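# Chain and residue survey
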Amino acid sequence: MLARARDFGLVCGTLPPGPLNAITDVAGLRVGHRTIREGDVLTGFTAILPHEGDLFREKLRGGVEVINGFGKSAGLMQLAELGQIETPILLGNTLSVGTGFNALVTRALAANPEIGRKTGTVNPLVLECNDGWLSDIRARTLSEADAFAALDAASDGPVAEGAVGAGAGMSAFGFKGGIGSASRLLTLDGRSYTLGVLVLANFGRPGDLVLPDGSRPAPPRGKEPGTERGSVIIVLATDIPMETRQLTRVARRCGAGLAWLGAFWGNGSGDIALAFTTAGRIAHDEKADLVPLAALNENRIDLPFRAAAEATQEAVLNAMLAAPATTGRDGHWRPSLADALRRAD
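Bear in mind the structure is a predicted one, so any value in this text is a computation, not a measurement.

### As for the environment of F8
As for its placement among the helices and strands, F8 is situated in the segment before β1 (30–38). Residues F8 and L186, 178 residues apart in the sequence, show an inter-C-alpha distance of 24 Å.

What follows is the structure, encoded as structure tokens:
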């Protein structure tokens, strides 16, 4: 079984995790991967399906925080403007954004014949990190079929972490990075709510990593430059009713979790946090002029702020600890954080 942060006694914050300690603790949410390991290619897609229905017909409220904008994602401009999510979310590598976009459009058109005819177009959400250190990104291996495979593999159980899906070729703080997840439980008005995070961790300078116990494990010195040239994508889901503005505020606090780990959001890093709530779907064909909206009391928002930071910190550690030492393109190598911690013991 792959290691996670708590297996090493690394506890992030004070709020309790959900049963799976993963984004899939948010009811109805599913995650799937398509992983490719072929010679110098280590890459893949990761799909996040916020609910089991048709997202174009039943949209969700969302928000986005661009912490540092060195990235090539698709769909964020309309999300920031309208505050609505209407497709699954695909994560991949930098040169696969167009492929993921096409795959999501293909699925949306098949399910909704009126798109582009009797109604508007669709806004696919595709986010990326550059896996080119370990993988031959120029090969442009990922296809629409790979995106469909990730979407079709989505399930609501434990999230596969580490070097899977979009995380196959990613690095973090000089170690092997990848996909990680974590969750937190919150009580509001006497009822339990869930906030979950999934990260694609590909950021951080070697030597900058700080663990919750204060230790600073560093990888063996490599031949790559010491500048920050990676990225991190954070997808946050919750069942707490919130306005889009509140979701953007909560997404912004994911940056605190990155900072606790030692990241400073360098010039060459694309650091993006996307947040959505599964509470209160938005009908595409809503007929009413005025619609009801339940929202969090702003004076209680510190609780999801804390949950976002804690879950982000732990999700990144889970990504790194689940990822094995990996040799990729041209012999480039990333050590395993789990191996480094075991040796330190």
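### Structural notes on the pattern of salt bridges
Here the structure, examined in full by the defined rule, presents 18 salt bridges. Its salt-bridge partner being E65, residue R252 comes within 3.2 Å of it at the nearest N-O pair. A residue pair is termed long-range when its members are at least 10 positions apart, and R252 in helix α4 (residues 244–252) and E65 in strand β3 (residues 58–69) qualify at 187 residues. Accessibility expressed as a relative area gives 15% for E65, which makes it buried. A network of salt bridges, in which partner residues are shared, links R6, R184, R306, E310 and E314.

### Regarding the packing of aromatic side chains
In total, this model carries one aromatic pair according to the counting rule given. Seen from their ring centres, F173 and F203 are 5.1 Å apart, and the 65° between their planes marks the pair as edge-to-face. Of this pair, F173 sits in the loop between β7 (171–172) and β8 (175–176) while F203 is found in the loop between β10 (191–202) and β11 (231–238), placing the two residues 30 residues apart along the sequence. Judged by relative accessible area, F173 falls into the buried class, the value being 0%.

### Notes on the pairing of strand β9 (residues 178–188)
In summary, the side chains of a regular strand alternate between the two faces of the sheet. Counting buried positions over the 11 residues of β9 gives nine, a clear majority of the element. Two elements, β9 and β10, share 11 bridges in a ladder whose sense is antiparallel. Opposite T187, over in β10, you have S192 as the bridge partner. Taken together, β9 and the strand that follows it, β10, pair antiparallel across an intervening segment of two residues, in which D189 is found at a positive phi of about 50°.

### Observations regarding the confidence of the model for the protein chain
With 98% of its residues at a pLDDT of at least 70, the protein chain reaches an overall mean of 96. Taken element by element, the predicted model of the protein chain shows its lowest mean pLDDT in helix α7 (residues 337–344) (93) and its highest in strand β5 (residues 89–93) (99).

Procedures and definitions
- Per chain, residues are indexed from 1 in the order of the written sequence.
- Given that the model is predicted, a residue must reach a pLDDT of at least 70 before its local features are reported, and side-chain atom pairs must reach 80 or more before they are shown or counted; all residues, however, enter totals for whole chains, interfaces and linings.
- Side-chain numbers come from the whole structure's heavy atoms, not from hydrogens or water.
- Think of it this way: any DSSP run of H or I at least four residues long counts as a helix, any run of E at least two long counts as a strand, and we number them from the N terminus.
- A pairing counts as a salt bridge when a side-chain nitrogen of Lys or Arg comes within 4 Å of a carboxyl oxygen of Asp or Glu.
- A 1.4 Å probe rolled over the protein chains alone gives each residue an accessible area, and that area as a share of the maximum for its type sets the label: buried under 20%, exposed over 50%, partly exposed in between.
- To pair, rings of Phe, Tyr and Trp, with the six-membered ring standing in for Trp, must have centres within 6.5 Å; the planes then decide the type, stacked if under 30 degrees apart, edge-to-face if over 60, and tilted in the middle.
- Strands were regarded as paired on the criterion that DSSP finds at least two bridges between them.
- One number per residue, pLDDT, summarises how confident the predictor is, and it ranges from 0 to 100.

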